[in-house]
Every structure is written in structure tokens, then in C-alpha cells.
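# Observations on the model geometry
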Amino acid sequence: MDFSVLRNLISRYCAGEEYWVDSRTVYIGHKEPPPAAEAYIPQRYPDNRIVSSKYTLWNFIPKNLFEQFRRIANFYFLLIFLVQLIIDTPTSPVTSGLPLFFVITVTAIKQGYEDWLRHKADCSINECPVDMVQQGTVVRTQSSKLRVGDVVMVREDETFPCDLILLSSSRGDGTCYVTTTSLDGESSHKTYYAVPDTMAFKTEQEVDSLHATIECEQPQPDLYKPLGAENLLLRGATLKNTGHIYAVAIYTGMDTKMALNYQSKSQKRSAVEKSMNAFLIVYLCILISKAVINTVLKYAWQWSADHDEPWYNHRTEIDRERHVIRAFTDFLAFMVLFNYIIPVSMYVTVEMQKFLGSYFIVWDKDMYDEELGVGAQVNTSDLNEELGQVEYVFTDKTGTLTENNMEFIECCVDGHVYIPHAICNGQILSCVIVCLCSCVCQEHEDLFFRALCLCHTVQVKEEETVDSIKRGIHLGKPTSFYISSSPDEVALVEGMKRLGYTYLRLKDSHMEILNKDDEIERFELLHVLNFDSVRRRMSVIVKSSSGEYLLFCKGADTSIFPRVVSGKVEQVRARVEQNAVEGLRTLCVAYRSLSPAEYEEACHQLSDAKLALKDREQRLAQAYDLIERDFTLLGATAVEDRLQEKAADTIESLQKAGMKVWVLTGDKMETAAATCYASKLFRRSTQILELTKKRTEEQSLHDVLSPRIGKLPQSSPSSKGETPWTQTDYGLIIDGATLSAVLKPSPESSGSGNYREIFLEISRNCSAVLCCRMAPLQKAQIVKLIKASKEHPITLAIGDGANDVSMILEAHVGIGIMGKEGRQAARNSDYAIPKFKHLKKMLLVHGHFYYIRIAELVQYFFYKNVCFIFPQFLYQFFCGFSQQPLYDTAYLTLYNISFTSLPILLYSLIEKHISIEMLKRDPTLYRDVAKNALLRWPVFLYWTCLGLFNACIFFFGAYFLFDNTTFTSNGQMFGNWTFGTLVFTVLVFTVTLKLALDTHHWTWINHFVVWGSLLFYVIFSLLWGGIIWPFLNYQRMYYVFMQMLSSGPAWLGIILLITISLLPDVVKKVLCRTLWPTATERAQVGRTAT
């Protein structure tokens, strides 16, 4: 149960009305309103402490125990332990309690250590010094002591201690520059504006004299929908290029947007974990069956008077009448006796294997990027083995397949194409103009260049010191360079500079540009209508020196063309389509001249929308829609985004490994298709099937979908991952509009309305799919659709931007690229890598190894526990079902903890059944482990049957070899404890040697652990039976082990039984490798031959 929910409910009823309103009132400097004002109701807000830890010193033990015993296996062993304490059972409670205590303790230490690190991080944050304005002076205090309404002063390069409203700045225009690297990874400088009414308050005394209130909305976790986005400074961001600012605390502590985003992602479970739980249920059924069978047979055997208890242990009449109670007690006793078939230590071993194994990705030098200075990151270790099971890869295009490093190529103005720095006849020309039409409007040309110099959020910086080197200084003279949150904007502004129009600076709300005649033009920046992924455009309203109001807009062609009323649309559209086919990113540019009345109306609409506390985003969108209309088209731009290094090789390898790669992008179809061909997602021989809006406008969706079913091969992928396109290569292209129609629920129940299934059938038989014009939510819908299909494939999503987070969270495995669009994707992902090319090694090598290792670990744990407990079951047939244990208490307790635990843990960490180079060179080897191949039911049944066979060999081999035979030198016969010790010795050596036979990669650590475990067992047995321990009430194992080893036939029997037990598995492996070898086994033979 989540106690935070209960706490919030109590707070709502007890803390006052502020929890029930949609807004909060903040009094700047805690100055209450005058008595004449309306009633003042103080509101309580949290302090500025950040708490990311899970436990406290007082609740750690009860809370951690509660969480651990929510796991079925732990709770089951707790019940068994309690049963052993309550009733008379054949084994000591220590045999269940000690392993359980070990598992609980190890897990608690791990979780406690992780929480202690979180406590340390919280303390370092909460104790940071903060400058606060009090009584006209600046007072330094701790961050945790800030309250809502406090006025703080933040200096350059300092981090904002909480969410603040900017009151004034040391800059004359009331602006400040901020980087949000710690929030979303974007290192670019963003501009924020002081509240116009408080811009003039420049000193501590003036700020302290301020009497004002702020009405704002209650805190929300969305980082990208803040109130007054241009005024709100978020906790964690850093002040740059500004001497200092004064701001008021608006959200503190756990109410800040940064803290509200601390909430963990939904828990993802791997296919291996699901298989483990299924196997556990099977073994639980086997355990119950064993207990029921033994209970029934016990009473059937005792039904005869000859087999009843002896005369000296006759039961009373009361005991004879309690059949049901005694039967239930015996059933529980048998459950306790056989409960070791459930491997309690398997879960802690799996956790340790995942936690320690995840460091191999972090330590991998091949996945370290020198340019970025970062390596791969693991945000969760619970999905390591899932990397070896991926069937579908969903990837973003920009910044993931491409570099997101934009270069301006050309622009088109009324049919004239401008190419900067083109090469003609071996000479570099500053500008080449290609005429596509007979005439050109000089006014449109100037407006186009001015539009690109003004319609942006680029910042100009004179110089910057990086690693003691001043960037921006050339030949001793300072030169400006551009910074922006969007690489496209920097490329466009730099492109205009190469064409003769230079953006100089933003000063005192005026933008200055240097035109081609070396004249400085000044435009007053009035409003910025920021870009968003829904509108897919941005606009600025400026006022020229002549007093004319101009609205400049740039955006995607689909968002500009419908709003254009004049201009040479067809010529520009043709050029845009041609550039898109060549793989270039295109933007259209338009403008509109506003009359003073239209400008006043626009100001009024924007002001109302920005001041709204409810539905601010919707009202802003409506205002933008009313303002951005009736455009005159000026032209278009083309920017190139190069393909990332080895992106094509990575995609080709993933396809050879049996994975289907889908590209989900918001770009135009032609641009995205060109990238897909360049990255070898599509080949020239690929037959492309198009499901686009253009086609669905010409005919109905049903008529478009149905014929394509007939074109495709109707075979489904085989278990080895082979796809139908190996014979005929098909590719699918679908756009966002068509996808919306496909996913739209239809009221019809007929086949004509079942578009979803038709689309799935088409995409299932295509080698690659391109989804263009995708909104972020549609990306997640695509992933969810494939996840829910009848095959339930394992999906992986990879992207680098905030618009990819939804699909990363939706996929089974989410991977973030640490690119230039910020770190939102990397922070919300399960794994993060510097470049797309690193995905190849992560899946084909690390994923392959992780799955092989943990599959062997799981199957081996169940196998060795079957070998361990089935002889105990057989022993009951020879002891009158008396619940007599076959093994000593020490052996029962330490079997899974000490004798057999370390070899399998080490195997699951360092085993390499094939070389890394071979896995990278031959991606088809990935298919051998695909679709959970090593944890399928046939494989599970083989391991279980092998365990049953070995258990029978252990028990009956020892029984028939030593039946009615004297084996000791003094003529004594073996007793029951000697017999059990003999069986246990064969058991320990057999299961350990079985793992040794399965090991392909031997190191000195393997030898030390494997042979050291066997030696530890022998030494422990000698000490346990060779010394009289004072803390034991009775010592039934005294001299038993030494007596067994003193017998020559016992040595011969141990060697013989171990050999017979291991022989069938060895023969099976030899036959399978010879007659039906897998691709991996053939590669192993080839490697040995070379």
C-alpha cells in the first residue's frame, strides 16, 4: 500500500481549503494585505527540503520487511518457517529461517545502501547556501529554509534553489539567460523576462519595499507547460550571462516541478522474470503433490495393524479421533520437508547477477564516446536479459539516425534558389542564384532574409571560455557566434550570414541586423509565438523603424501552406518536395503585415491567454491560430542533417539478427524516406507500400488497405526469426493522418471496419516500416499496438528528444541517445548510449550474453534443487513415511547458500560461450536465443527430467551398492546418516561438475570458485563431523564423514555415480552438436578449427 495516498487524503481534510482550489495566492516578501482588503487566510506550503529517499532511520526495518515479504517466494518461506516453529516438523526451523534471513539481509543491505546515497544527495542539496532579501539586506541561509513568498537574489552561474518568478534583472531590458542542463540536458541559453511591473526594482531596498501578490496555478509536474513560461525559473536551472537577478519563491521543496518529476516510471518486467514465476508455480504444484502423496500413502500404510505404530507408542483414543487435524499436521510436515525444491536463494542470486552484470555495459570502452565525453549508462538493471530478446526496434530519425548537426544548404525565394559558397568551375562563389521562374520580387527577397534573421530565439555571444580557451576570438578580434536550443535555427541564421544578412544582437527589446549593404536595421521585438510540436511553426511580431507591424512565421510546409493566401505557392512547393526527396529538412517562410488595429487585437488575445489560470495552453493555441493566418508566402529553406556514423551498418546488422526496424519521425515522408534508403532500412529492391493521406483522399481507407494484403506473403516468421522478406523485400510507409484513421475505433463489426488487424497483418510481413508525420503520442500508440499483437513481441524504442519519451516508456526496453536535443530521453530510459551505432554491441553482444547467462542460472537453480530434494521424497518410501530427513540440518541449510551458490553466480557474470568478435561479425547468432529460446517449456522439462534422473541415480545407486553389505574395516554397516551423507556428496559434486561442463570461458576465477566450492564442502564436512561442538545438544554427524571416506568402496561408488549421472547429458550434447547443430554451435566449431 502506498501511504502517500492516505497522507494526501488526510492533508486535504485537515490542512484547509487551499487543497481544493485551482490556484494559490503568494504574498511577495510575506507582506500581508492591508486591513481594508479582503480577509487574509494564510496558506500552508511545504518548506524547501527535497526528499528523494525512501526510508528513514525509524521506518527502514518495518517498511523494508513489508516490501520484501510482498514477494511470493519470501512470503512462502516465511510461512514455512512459522510452521516449523508452531508444529513438530522433521527439520529444524533453522533450515528455512537461515536461508530466508540471508536473502532478506542481503536485499535489505543493498536497498539500505542505495537509500543512504539518496539521503546524502538530499542533504547536500538542502544545505546549499542561498541569498535571501530580508529587511532591505541580503542574508545568506540554507536552501531548506526557504518558504513560498521569500525574495532571493541569484548570481551568475548559480543554480535556482526553487521555482521562482523573475522580478528584475541586472540587465537593462529585464531579461536573463538560463541553461536547463540538469533538467533536460539542453546546454543552450534560453531567454526569460522579468514581470513588466517589477522590472524597475533594481536594488535590495527597492525589492524589499515591493507590496504585491501573485495569483498562480497549483504545482504541476509538466516541465513544458509552466505558468507564464517566460517568467518562471525552474529549480535546477542555472543563471548565465547575467550579473544577478531578484526573484520570488513560488513553488518550494516537493512542490517544485523538478521534484514532481521524481516519481518513478512504471515497473517493467522481463520475459525471463515471467518464466521464472511460471516455473515457480509448477514447482509449487510439484511440492504440494509430493506432500499430498506422502500424506495419503502414510495413512494407507498405517491402515494395516501390522504397520501401525509400535505398542510402546500407541495413540490414545483422543488422538485416534483427530484424523483430520493429524492429517493436516502431517501434510504441513511433509511440505516443510520438501520445501527446499523452491529455490529461495535464486531471487537474491538473480538480483546480484543483474546488479553486478549491469556494470559490464558501463565499463565497456567501445561504448564510450570521445566527442561527448560520456559512456553508456544503466538506469535500471532489471531488463539486462531483455536486450537479448528484442524483436522490434522503434527508432526516431532526427538526432538518432542522424547527427542533428544542421548545415544550411539552400533557400528558395519566389522560385529563385540561393546556394551559399557553391563551387563553380573550380572557384568558390559566395552565392549562386538559380532561377526557376522568370521574375523575382526584390521586396520579397529582402523580407525573406529579414524573416530568417528575426524569426528565431537565437542568442549572440561574443566569446566563451571553454577549458581555458576563448571560443569566438579569431585573429585577436572578438567574433560573435550563435547559441540556440534548436540546431535548425543556428543553421538558418548562419546561412543568412553567408548570404549577406547578419543577425547582430537583441538589445533593449530591439533586434539588430546587418543587411547586404552593411547598414544596421533595428526592429522592436514585440511578441514571440514559440514553436510547439502541435502547431509545427513559430512566429514573431516586430515593429520596423518606419513604424510598420510585421508578423514573420516559419514552420513545416503542412502548417504554412494552408494559411497562405498569396505568393508563388506552386514553385515553392515543387522545390520543397525536391529537397525532401534528397533527404533535406525543409521549412517554409511567410509573413503578414498588421495594421495598428490588428496588432492591438493580437496583443489583447495574447495577454488574455497568458494571464489565464485555467486552460492556458488551449487559450494560447486558440490565440495563435487566430493571429497566424492570411500569410503571404516568401519561400523555403533546406537544411541537411547528416546520417550518424555506422548507422547504416547498425540497422543492417539488426535486420540480419531477425529484428524488424521501424522509423517513427515527425518529418515529411520524402525526407524520411531518403534517410531510410541512406541508412539501408530500405533497399533499392524493396517494394514500397504507401498508406498516406494523399492515397486515402483519393479512395477509401478500406480500398487502400485491402489490396495490399494480397500482395504480401502470408507466412509468419519462424521461430528462428526468419522473415518472409528474405524472398521478397517489402517496406511500408504510413503517415500520422492515416494511422489515426487506422487506430480509430470503428462501430462496425464487419471486416471493413477492422483496419487495425489489416494494418498489423501488412506490417508484420514487411521487413521495415517508416511512420512519418508522427506526433509523440502516436509513436507510443504504435509501440503499444505491436506489443498487444497476438505474438506479443519484445519491443525496443530508441530516441534522443522529449518527443520520444512516450514511446521509450511504452516499449519493453527504452534506450535514450545522449544527443543534442537534451537529456529527457536519456533520463526516462532504461539505458542510455552516446550514439546509435552503440546499439549494435548492446544488443548483439551484451544482450546475447546476458540472456545466455541468466537462462542457465534459472534452469540450473531448478535443476539442482530437484536433484537435492527428490532423493528425500524417495527416502520416505523406505522409512515408513515417517518424515525422517535424509540429510543433516547443516547440509539442508548450506546447500543453496554456500555449497552451490558461488559457481553459478560467477558463471552468470563472466560466461562467454562465443567470442565478442564472432557475435559482432555474425548477427544471425542472435536468432539462436530469440523468443526466449532457452526458457521454453521443452527446455525446462529437459532440465527437470535430467534432475529427476540424477536424483534417482544418487538414491538408488547408493541404495543398491550398499544394500546388506559391510563396507567399513571394522565390519560395521553404513547407518542412515552415512547413507544420506553419501547421497549428498554425490549430489554436490555432480551439480558442480555439471556446471563446469557447461562452462565455455574458463579463467582463474572460475577454477578458484568451482574447485574451491568442492574443497569447502569437504573441509566443512570434516570439521562438522570431526569436532564435538559444545553448542549442539546432540551431534548425529560425529565421525560420519570420516567413516565414509575411510571406505574404499564408498570412494568407488561416489566416482561411479557421478560419472553415470553426467554421462546422459554429455551424450545428448554430443549428438545434438553432431546431428542438429545450432548456428552458435557451428560458429564455436569454426572458431576451434581456426
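Residues numbered from 1 in each chain as written. Predicted model: local features only at pLDDT ≥ 70, side-chain atom pairs only at ≥ 80, totals over all residues. Heavy atoms only, no water.

An unreviewed UniProt entry annotates the protein as Phospholipid-transporting ATPase of Oncorhynchus kisutch. Recorded in UniProt for the protein, the comment headed Cofactor (unreviewed entry) runs: "Mg(2+)". We quote the UniProt Subunit (unreviewed entry) comment for the protein here in full: "Component of a P4-ATPase flippase complex which consists of a catalytic alpha subunit ATP11A and an accessory beta subunit TMEM30A." (UniProt positions renumbered as here; feature names shortened; annotations may be inferred.)

### A short note on the overall build of the protein
Scanning the protein from N- to C-terminus turns up 37 helices and 37 strands. Considering only contacts in the protein between residues 6 or more positions apart, those separated by 24 or more positions represent 74%. Just so you have it, the protein exposes about 49,600 Å², and 58% of that area is on carbon and sulfur atoms. (Helix = DSSP H or I, 4+ residues; strand = E, 2+ residues; numbered from the N terminus. Contact = heavy atoms within 4.5 Å. Areas by Shrake-Rupley, 256 points an atom, 1.4 Å probe, with all protein chains shown as cover.)

### Some details on the pattern of salt bridges
Taken as a whole and assessed by the stated rule, the structure comprises 36 salt bridges. Residue Arg-140 is joined to Asp-131 by a salt bridge in which the shortest nitrogen-to-oxygen separation is 3.0 Å. Since its relative accessible area comes to 5%, Asp-131 is described here as buried. For Lys-240, the salt bridge identified is with Asp-157, shortest N-O distance 3.1 Å. With Lys-240 in strand E10 (residues 238–240) and Asp-157 in the loop between strand E4 (151–155) and strand E5 (163–169), this pair connects stretches of sequence that are 83 residues apart. Judged by relative accessible area, which is 26%, Lys-240 ranks as partly exposed. Taking the relative accessible area as the measure of exposure, Asp-157 reaches 49% and is therefore partly exposed. One salt-bridge network, held together by shared partners, links Lys-994, Asp-998, Asp-1065 and Lys-1069. (Salt bridge = Lys/Arg side-chain N within 4 Å of Asp/Glu carboxyl O. Buried < 20%, exposed > 50% of the residue type's maximum accessible area, 1.4 Å probe, protein only.)

### Describing the nonpolar core
In terms of nonpolar packing, the biggest core is built from 92 residues, with Met-346, Val-858, Tyr-887, Phe-984 and Leu-987 touching the most fellow members. Element by element, the count of residues in this core is highest for helix H28 (residues 838–875), at 18 residues. Other than its neighbours up to four places away in sequence, Phe-984 contacts Phe-868, Tyr-887, Tyr-891, Tyr-895, Phe-899 and Tyr-1017. By size, the runner-up hydrophobic cluster in this structure holds 39 residues, among which are Val-390, Val-393, Ile-817 and Leu-844. (Core = buried A, V, L, I, M, F, W, Y, C linked by side-chain atoms within 4.5 Å.)

### Quick look at the sheet that holds strand E11 (residues 244–251)
The sheet built from six strands is open, its strands ordered E3-E2-E4-E11-E5-E9 with antiparallel pairing. Strands at the two margins of the open sheet, each flanked by one partner only, are strand E3 (137–142) and strand E9 (232–233). By the bridge criterion, five bridges tie E4 to E11 in an arrangement that is antiparallel. In the strand pairing of E11, Arg-155 is matched with His-244. (Pairing = 2+ DSSP bridges.)

### Examining the packing of aromatic side chains
What the rule picks out here adds up to 58 aromatic pairs. Taking 6.4 Å as the distance between ring centres and 25 degrees as the angle between the ring planes, the aromatic pair formed by Tyr-482 and Tyr-503 counts as stacked. Of this pair, Tyr-482 sits in strand E22 (residues 481–483) while Tyr-503 sits in strand E23 (residues 502–507), and the two are 21 residues apart along the sequence. Ring centres of Tyr-891 and Phe-984 lie 4.5 Å apart, and the angle between their planes is 5 degrees; this geometry places the pair in the stacked category. (Phe/Tyr/Trp six-rings, centres within 6.5 Å; stacked < 30°, edge-to-face > 60°.)

### Observations concerning the pairing of strand E26 (residues 537–543)
For E26, the buried fraction is high: six of the seven residues fall into the buried class. With five bridges joining them, strand E25 (residues 520–529) and E26 adopt antiparallel strand pairing. Among the inter-strand pairings, Glu-524 is bridged to a residue of E26, identified as Lys-543. Alignment of E26 against strand E27 (residues 549–555), held across seven bridges, turns out to be antiparallel. Note that in E27 the partner of Lys-543 across the bridge is Tyr-549. In textbook terms, the turn of a hairpin is the stretch between consecutive antiparallel strands, and for E26 and E27 this stretch comprises five residues, one of which, Gly-547, has a positive phi near 90 degrees.

### Some thoughts on the packing of helix H16 (residues 569–581) against helix H20 (residues 669–678)
Contact pair H16 / H20: the axes reach a minimum separation of 7 Å and the direction vectors enclose 20 degrees. Viewed along their axes, H16 and H20 adopt a mutual orientation that is roughly parallel. Viewed along their axes, H16 and H20 form a crossing whose handedness is right-handed. Contact residues: H16 offers Glu-577, Ala-580 and Val-581, while H20 offers Glu-670, Thr-671 and Ala-674. By residue class, the composition of the contact of H16 with H20 is three nonpolar, one polar and two charged. (Axes fitted to C-alpha atoms, helices over the stretch in contact; angles between N-to-C directions. Parallel < 35°, antiparallel > 145°, perpendicular 65-115°, else oblique. Left-handed = near helix turned anticlockwise from the far one by under 90°. Nonpolar A, V, L, I, M, F, W, Y, C, P; charged D, E, K, R; others polar.)

### Details of helix H17 (residues 596–611)
Under the 1.5 Å per step criterion, the end-to-end length of H17 is 22 Å for 16 residues, consistent within 8% with the ideal 22 Å. Within the span of H17, buried status applies to Tyr-599, Ala-602, Cys-603, Gln-605, Leu-606 and Ala-609. All buried residues of H17 lie within an arc of 165 degrees about the axis, which places them on one face of the element. Away from the buried face of H17 by more than 90 degrees, exposed residues Pro-596, Ala-597, Glu-600 and Leu-611 are located. Turning to H17, the residues buried within the fold contact E25, E26, E27, strand E29 (585–594) and helix H18 (616–627). (Expected span 1.5 Å × (residues − 1). Arc of directions from axis to C-beta.)

### Brief notes about empty space enclosed by the protein
Considering all chains together, one arrives at four cavities of 30 Å³ or more under this definition. Each pocket or cavity is described by its volume, and for the largest cavity that value is around 80 Å³. The wall of the largest cavity is formed by 13 residues, among which Pro-99, Tyr-340, Val-344, Leu-892 and Asn-896 lie closest to the centre. Of all the secondary-structure elements, those providing two or more residues to the lining of the largest cavity are helix H4 (94–126) and helix H29 (889–899). At four residues, H29 tops the list of elements feeding residues into the lining of the largest cavity. Residue composition of the lining of the largest cavity, by class: eight nonpolar, five polar and no charged. Approximately 40 Å³ is the volume found for the second largest cavity. Every residue lining the second largest cavity is listed: Gln-68, Arg-71, Asn-74, Val-103, Thr-107, Tyr-347, Val-348 and Glu-351. (1 Å grid on protein atoms, 1.4 Å probe; cavity = no way out; pocket = protein on both sides within 12 Å on 5 of 7 lines; lining within 4 Å. Points joined across faces, edges and corners; volume = space filled by probe spheres on them.)

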